[in-house]
Amino acid sequence: MPDLAQFLFLLFSIFTVLCAVGVVVNKNAVNAAFCLLLCLVGVAGLFVQLDAYLLAFILLLVYAGAVVALFLFIIMLLDVQGRQSFGFSGLTTFAGLMSFALLLTGLGTIAVRGHLDAPRLNRLAADGAHMKLYAYHLFTTYLLPVQIIGFLLLIAMLGVIVLSKKHDGLEDLK
Amino acid sequence: MFDFYFEIPLVLRLFIQGLAVIMVIFPIAGACSMAERKVAAWIQDRPGPNRAIVPWVAWIPFLGKFLQRLGVFHVMADGGKMLFKEDSLPGHVNKFYFILAPIVAMIPALTTVVAVPFGAYFDAAGKVIPLGLAPLDVGMLAVFAVSSLGVYSMILAGWASNSKYPFLGSVRASAQLISYELSMTLAVLPVFLWVNAPGTPGTMGFGAVVEFQSQPGFLGGMWFGFLMPVSAFIFLVALFAETNRQPFDTVESEADLVGSFHTEYGAFKWGLFFVAEYSHMIVGSGVFMLLFGGGWNPLPWVSLATAVGWLGHILPFAHAPLFVGLLSISIFMGKVLAMIFFFMWVRWTLPRFRYDQVMKIGWQKMLPLSIANLLFYAIAIALIQK
């Protein structure tokens with residue numbers, strides 16, 4: 001009889017993995033997007049179990065709440081009903097084989113060693129759980145990455161504006 | 001007296017607590033639909049629903065007539081009608097998502113309640129303990145995150161209906177809800193900048209916000225609605241847009257889109273959409289009152305502790321935790337209901353915006369205003385709390 005925490009962990013991880021498989025397997029793009037949404041909810045559940053409430057709710061807010069909604073929005077606007085099925089080219093086959101090999105290697109390593117390298121529990125407790133500590137890390141240790149990501153997003157935003165704006169006399173810009 | 005309750009296993013106890021909260025929210029959401037019709041009638045100077053009555057209540061001399069005029073039995077009649085009506089399923093819809101959409105509407109609407117405290121009591125040391133299902137440190141984020149999932153019900157309903165007007169409505173829904181989420185999030189940031197003063201443990205929970213509004217002194221007792229009126233205004237407008245209430249109900253505007261995303265729905269599935277909308281309103285009003293309206297404090301500059309102290313002179317049991325809990329919950333519920341009345345009042349006061357106006361207000365007015373507001377308060381708070 002597993003205790004509640006273990007039961008919830010199993011529930012959420014099985015749910016997440018099944019939904020992730022659903023994203024890949026589903027031919028219908030709306031079904032796939034919905035599976036992705038459920039998968040993100042499952043991952044958020046796992047984060048809550050790790051006491052990383054902030055991460056869990058940011059994941060829900062940004063990815064489940066906004067990004068997947070935009071995915072669905074685009075899918076509906078373009079009305080893709082699984083008719084664009086791309087065949088395998090040389091490159092995609094190679095990439096697929098490579099990632100499958102990586103997956104097998106990872107699984108094989110775990111199977112041979114019999115356990116995962118888990119960080120010690122007392123180190124896990126603090127960082128993601130408290131807002132203040134989290135903010136402290138963002139503004140000290142990880143200040144540079146945060147700034148760089150901010151600039152990347154800004155560049156992406158400018159790119160979208162340039163691409164979507166109508167330029168007079170430049171109709172073939174796209 | 002209540003020792004037996006704490007001997008129940010934790011899981012069962014949490015289940016009972018959750019069920020109790022839902023059993024309060026659900027009937028209030030139902031009663032709100034009735035109240036809406038009554039308020040509409042009152043504002044338009046007509047009697048409104050006043051006919052339905054259970055026969056044996058009609059035999060009571062004065063009370064029966066009064067209850068009939070009040071229209072309370074219309075709630076039961078409406079509910080009964082919705083339950084026993086034929087639950088039609090149009091032939092051209094995507095059945096799975098069509099049935100799923102109203103269910104998906106209910107889940108976030110009722111889940112957000114978890115993070116919202118609705119009352120408080122004092123422990124032996126006189127410390128304020130908020131009453132709520134989950135005292136989360138990230139309460140505000142949790143409400144934003146879970147309520148942002150509400151958009152999927154509209155997207156799914158519109159898409160699964162496989163018909164043009166619902167589809168247009170769902171496209172509008174996804175654009176409108178994402179647009180106003182931005183200014184809503186930026187509007188609450190000054191509140192949490194102020195609450196997370198230097199030296200305090202950082203939090204985004206509601207308990208700390210209310211505690212900050214119940215301090216002694218002029219600035220301490222001031223509700224954030226007075227301290228940050230622009231934030232409160234932006235939050236309120238965005239709340240109207242997020243809950244699809246007039247004047248922002250372009251998502252279901254019956255003039256140009258028939259009934260929009262619920263055009264093809266009927267009977268109980270249609271009813272679920274409305275219970276979800278009212279639940280969103282209840283939770284949204286609750287969050288507004290916690291952030292800007294003093295939470296469970298009865299009046300500005302009069303905190304719950306002060307009020308209980310005054311009552312202590314008259315009532316001998318005023319300091320009992322049970323009494324304080326009930327008092328704070330009634331104060332809070334009173335504020336939430338007043339807020340819901342405000343929603344209905346605005347409905348019959350302002351005409352509906354056109355969809356392009358909604359987008360223009362969201363992106364060109366509310367968003368710059370909320371950014372300017374955030375900058376102003378960030379500088380002001382930095383100077384004051386230095």
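Since the model is a prediction, treat every value here as computed from it, not as a measurement.

Examining the overall build of chain A
No. 1: Per the secondary structure count, chain A includes seven helices and zero strands.
No. 2: Reading chain A from its N end, one meets helices and strands in the order α-α-α-α-α-α-α.
No. 3: Relative to its 174 residues, chain A shows a buried fraction of 16%.
No. 4: Put simply, of all contacts in chain A between residues at least 6 apart along the chain, 52% involve residues at least 24 apart.

Focus on the overall build of chain B
No. 1: When helices and strands are tallied, chain B shows 17 helices and two strands.
No. 2: Expected size for 386 residues packed as a compact globule is a radius of gyration near 21 Å; at 22 Å, chain B falls within 12% of this value.
No. 3: Expressed as lengths along the three principal axes of its C-alpha atoms, the size of chain B is roughly 60 × 60 × 50 Å.
No. 4: A burial count over chain B gives 41% of its 386 residues as buried.
No. 5: For chain B, the share of sequence-separated contacts (at least 6 apart) that also reach a separation of at least 24 residues comes to 75%.

So, the interface of chain A and chain B
No. 1: Listed as interface residues are 19 residues of chain A and, on the opposing side, 22 residues of chain B.
No. 2: Of all elements in the fold, only α2 (29–49), α3 (53–78) and α6 (131–139) of chain A reach the threshold of two or more residues within the side of chain A that touches chain B.
No. 3: No other element matches α3(A), which puts 12 residues into the side of chain A that touches chain B.
No. 4: A per-class count over the side of chain A that touches chain B returns 16 nonpolar, two polar and one charged.

Looking at the packing of helix α12 (residues 229–242) of chain B against helix α17 (residues 355–384) of chain B
Residue and element names in this part refer to chain B.
No. 1: Contact geometry of α12 with α17 gives a least axis separation of 10 Å together with a crossing angle of 145°. The chirality of how α12 crosses α17 is left-handed. Contacts between α12 and α17 involve Val230, Ser231, Ile234, Val237, Ala238 and Ala241 from the first element and Gly362, Met366, Leu369, Ser370 and Asn373 from the second.
No. 2: Per-class residue counts for the contact of α12 with α17 are seven nonpolar, four polar and no charged.

Points about the nonpolar core
No. 1: Among the nonpolar cores identified, the biggest contains 117 residues, and Leu40(A), Phe57(A), Leu141(B), Phe235(B) and Ala238(B) are the most heavily contacted of them.
No. 2: Per-element accounting of this core gives the leading share, 14 residues, to helix α14 (residues 267–292) of chain B.

Remarks on helix α8 (residues 151–160) of chain B
Note that an α-helix has 3.6 residues per turn; residues three or four places apart therefore point the same way.
Residues and elements named next belong to chain B.
No. 1: In terms of burial, α8 is a largely internal element, 10 of the 10 residues being buried.
No. 2: Of the positions making up α8, those classed as buried are Val151, Tyr152, Ser153, Met154, Ile155, Leu156, Ala157, Gly158, Trp159 and Ala160.
No. 3: Once α8 finishes, asparagine 162 follows within two positions and takes phi at roughly 55°, a positive value.

Describing the confidence of the model for chain B
Atom-level detail of predicted coordinates should not be read off regions where pLDDT is low.
No. 1: Per-chain confidence: chain B averages 84 in pLDDT, with 99% of residues scoring 70 or above.
No. 2: Here the prediction assigns the complex a pTM of 0.85, and the interface score ipTM is 0.79.

Describing the confidence of the model for chain A
No. 1: Scored by pLDDT, chain A comes out at a mean of 81, with 79% of its residues at no less than 70.
No. 2: Mean pLDDT per element in chain A: helix α5 (residues 121–124) of chain A is the minimum at 52, and helix α7 (residues 143–164) of chain A is the maximum at 92.

Examining the pairing of strand β2 (residues 128–131) of chain B
No. 1: Pairing analysis gives four bridges linking strand β1 (residues 119–122) of chain B to β2(B), with the strands arranged antiparallel. When the sheet's bridge partners are listed, Phe122(B) is paired in β2(B) with Val128(B).

Points about unusual backbone geometry
Residue and element names in this part refer to chain B.
No. 1: With phi around 60°, aspartate 45 is a residue other than glycine that occupies positive phi space.
No. 2: Topologically, aspartate 45 is positioned in the loop between α2 (10–43) and α3 (55–58).
No. 3: Of the residues examined, aspartate 45 has 6 C-beta atoms within 10 Å and is grouped as exposed.
No. 4: In this model, tryptophan 301 sits at a positive phi of 65°, which is unusual for a non-glycine residue.
No. 5: Locating tryptophan 301 in the fold gives a position in the loop between α14 and α15 (304–314).

Some thoughts on the environment of Leu40(A)
All names here are of chain A.
No. 1: If you trace the backbone, leucine 40 turns up in helix α2.
No. 2: We classify leucine 40 as buried; it has 21 C-beta atoms within 10 Å.
No. 3: Taking C-alpha positions, leucine 40 is 23 Å from leucine 77, a pair spaced 37 residues apart along the chain.

Considering the packing of helix α9 (residues 164–195) of chain B against α12(B)
All names here are of chain B.
No. 1: Closest axis-to-axis distance for the α9/α12 pair is 8 Å, and the angle between their directions is 155°. By the angle between their axes, α9 is roughly antiparallel relative to α12. Read as a crossing pair, α9 and α12 show a hand that is left-handed. On α12, the residues that touch Gln176, Leu177, Tyr180, Ser183, Met184, Ala187, Val188, Pro190 and Val191 of α9 are Ser231, Ile234, Phe235, Ala238, Ala241 and Glu242.
No. 2: For the contact of α9 with α12, a count of residues per class yields 11 nonpolar, three polar and one charged.

Details of the environment of Leu219(B)
All names here are of chain B.
No. 1: Inspection of the secondary structure puts leucine 219 in the loop between α10 (206–212) and α11 (224–227).
No. 2: According to the C-beta neighbour criterion, leucine 219 is exposed, with 9 such atoms within 10 Å.
No. 3: Along the backbone, leucine 219 and leucine 83 are 136 residues apart, and their C-alpha atoms lie at a distance of 52 Å.

What counts and how
Residues numbered from 1 in each chain as written. Chains lettered and ligands numbered in written order. Predicted model: local features only at pLDDT ≥ 70, side-chain atom pairs only at ≥ 80, totals over all residues. Helix = DSSP H or I, 4+ residues; strand = E, 2+ residues; numbered from the N terminus. Buried ≥ 20, exposed ≤ 12 C-beta atoms within 10 Å, placed from the backbone. Contact = placed C-beta atoms within 7 Å. Rg over C-alpha atoms; globule rule 2.2 N^0.38 Å. Nonpolar A, V, L, I, M, F, W, Y, C, P; charged D, E, K, R; others polar. Axes fitted to C-alpha atoms, helices over the stretch in contact; angles between N-to-C directions. Left-handed = near helix turned anticlockwise from the far one by under 90°. Core = buried A, V, L, I, M, F, W, Y, C linked by C-beta atoms within 7 Å. pLDDT = per-residue confidence, 0-100. Pairing = 2+ DSSP bridges. Parallel < 35°, antiparallel > 145°, perpendicular 65-115°, else oblique.

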